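Structural overview
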Amino acid sequence: MFKVDKEKPSLIVIDGLKGSGKTTVANSLYNFCNELNKDVVLFYSESTKLSSKLDEFVEQNKNIDTYSQFLLEEANRNQHIKNYINPCLEKGKDVICDQFSLSTIVYKSDVLNVDYMTSIDRGIISKLLPCNFCQVILDCKDSEANRRGNYGLEEDDKFNSQFIRLCDIITLNNIVVNAENPPDRVTLKVKEKLGKYD
């Protein structure tokens, strides 16, 4: 169960593999909160102007190495927190994010040192205003994600197992949900485990 301080707003991050259902769950949770008249904002991973330009820049410059890509993504997260997330938290709004730091670290963990990436990421996350910060990890095997969207993932479940193994490096407030069930069941399980909006 997601333990909350009722005096603070919440930041709920939905993370996991491409194809695990992050956007579907984030949208469903957002709509559910709105139905309960909760003051909530939903951000997608490409919410910032810098993010869309960054994707375009990396696509056009194939010689950018993984280290540089990581630093650019962390710079984008810093701007996302400063210009989007914190202003909402300051107003007492709850925030739902479709994808956050863990994706960046997992997808680059086969090239870059995890401890190094984590040290930089923690410095940026420390800039969050006080809030109930929770990660919802959608547990979906690489092979199932590939079946859903042909994402070119390996069949050995390398990336999904990394999401589960590394989630505690971002926050200890984690909820892991089996995302291989139908979307409505996954969303229901997320709501049950969050518990805050019952």
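Note that the structure is a prediction, hence the values are computed from the model and not measured.

1. Details of the packing of helix 4 (residues 101–108) against helix 5 (residues 114–125)
- One can describe the packing of helix 4 onto helix 5 by two numbers: an axis separation of 10 Å at closest approach and a directional angle of 165°. Here helix 5 runs roughly antiparallel to helix 4, going by the angle between their axes. Every pair of crossing elements has a handedness; the one defined by helix 4 and helix 5 is right-handed. For the pair formed by helix 4 and helix 5, the contact residues are Ser101, Ile105 and Lys108 on the first element and Val114, Met117, Thr118, Asp121 and Ile125 on the second.

2. Some thoughts on the packing of helix 4 against helix 7 (residues 158–166)
- Put simply, helix 4 and helix 7 touch, their axes get as near as 9 Å, and they point 125° apart. The orientation of helix 4 relative to helix 7 falls into the category oblique. Judged by the twist between their axes, the crossing of helix 4 over helix 7 is right-handed. Between helix 4 and helix 7, the contacting residues are Leu102, Ser103, Ile105, Val106 and Tyr107 on the first element and Phe159, Gln162, Phe163 and Leu166 on the second.

3. Here we look at the sheet that holds strand 2 (residues 40–44)
- With parallel pairing, the five strands of this open sheet are ordered in space as 2-3-1-4-5. The two strands at the open ends of the sheet, each matched to only one other strand, are strand 2 and strand 5 (174–178). Taken pair by pair, the neighbouring strands of this sheet meet at an average axis angle of 20°, ignoring direction.
- In the sheet, strand 2 pairs with strand 3 (residues 94–98) via five bridges, with the strands oriented parallel. Each bridged residue has a counterpart across the sheet, and for phenylalanine 43 the counterpart in strand 3 is cysteine 97.
- In the packing of helix 4 onto the sheet, the strands contacted are strand 1 (10–16) and strand 4 (132–139), and the crossing angle to strand 1 comes to about 30°.
- This element, helix 8 (residues 183–194), spans strand 1, strand 4 and strand 5 of the sheet and lies at about 155° to strand 5.

4. A closer look at the confidence of the model for the protein
- Within the protein, residue pLDDT values average 85, and 91% of them lie at 70 or more.
- Ranking the elements of the protein by mean pLDDT puts helix 6 (residues 142–149) last, at 75, and strand 3 first, at 94.

5. Points about the state of the cysteines
- Taken as a whole, this structure holds zero disulfides when the rule is applied.
- No disulfide involves cysteine 33; its nearest neighbouring cysteine sulfur is the one of cysteine 134, lying 12 Å away.
- Residue cysteine 33 is classed as buried on the basis of its relative accessible area, which comes to 0%.
- With no disulfide of its own, cysteine 131 has cysteine 97 as its nearest cysteine by sulfur position, at a separation of 10 Å.

6. Quick look at helix 7
- Phe159, Asn160, Gln162, Phe163 and Leu166 are the residues of helix 7 that are buried. Taken around the axis of helix 7, the buried residues stretch over an arc of 155°, which confines them to a single face.
- Along its buried surface, helix 7 packs onto strand 1, helix 4, helix 5, strand 4 and helix 6.

7. Thoughts on the pattern of salt bridges
- One pass over the full model with this rule turns up five salt bridges.
- Two residues, lysine 108 and glutamate 73, come together in a salt bridge whose shortest N-O distance is 3.0 Å. In this pair, lysine 108 sits in helix 4 while glutamate 73 sits in helix 3 (residues 66–90), placing the two residues 35 residues apart along the sequence.
- A residue is classified by how much of its surface remains accessible, and lysine 108, at 8% relative accessible area, is buried.
- Residue classification places glutamate 73 among the partly exposed residues on the basis of a relative accessible area of 23%.
- Notably, a salt bridge pairs arginine 77 with glutamate 74, separated by 2.9 Å at the nearest N-O pair. Highlighted residues: arginine 77 and glutamate 74, both in helix 3, separated by three residues, approximately one helical turn.
- Take arginine 77: its relative accessible area is 8%, and that puts it in the buried class.
- With a relative accessible area of 2%, glutamate 74 lands in the buried category.
- Ionic contacts of the salt-bridge type, sharing partners, join the residues Glu74, Arg77 and Asp121 into one network.

Definitions and limits used
- Residues numbered from 1 in each chain as written.
- Predicted model: local features only at pLDDT ≥ 70, side-chain atom pairs only at ≥ 80, totals over all residues.
- Heavy atoms only, no water.
- Axes fitted to C-alpha atoms, helices over the stretch in contact; angles between N-to-C directions.
- Helix = DSSP H or I, 4+ residues; strand = E, 2+ residues; numbered from the N terminus.
- Parallel < 35°, antiparallel > 145°, perpendicular 65-115°, else oblique.
- Left-handed = near helix turned anticlockwise from the far one by under 90°.
- Contact = heavy atoms within 4.5 Å.
- Pairing = 2+ DSSP bridges.
- pLDDT = per-residue confidence, 0-100.
- Disulfide = S-S within 2.5 Å.
- Buried < 20%, exposed > 50% of the residue type's maximum accessible area, 1.4 Å probe, protein only.
- Arc of directions from axis to C-beta.
- Salt bridge = Lys/Arg side-chain N within 4 Å of Asp/Glu carboxyl O.

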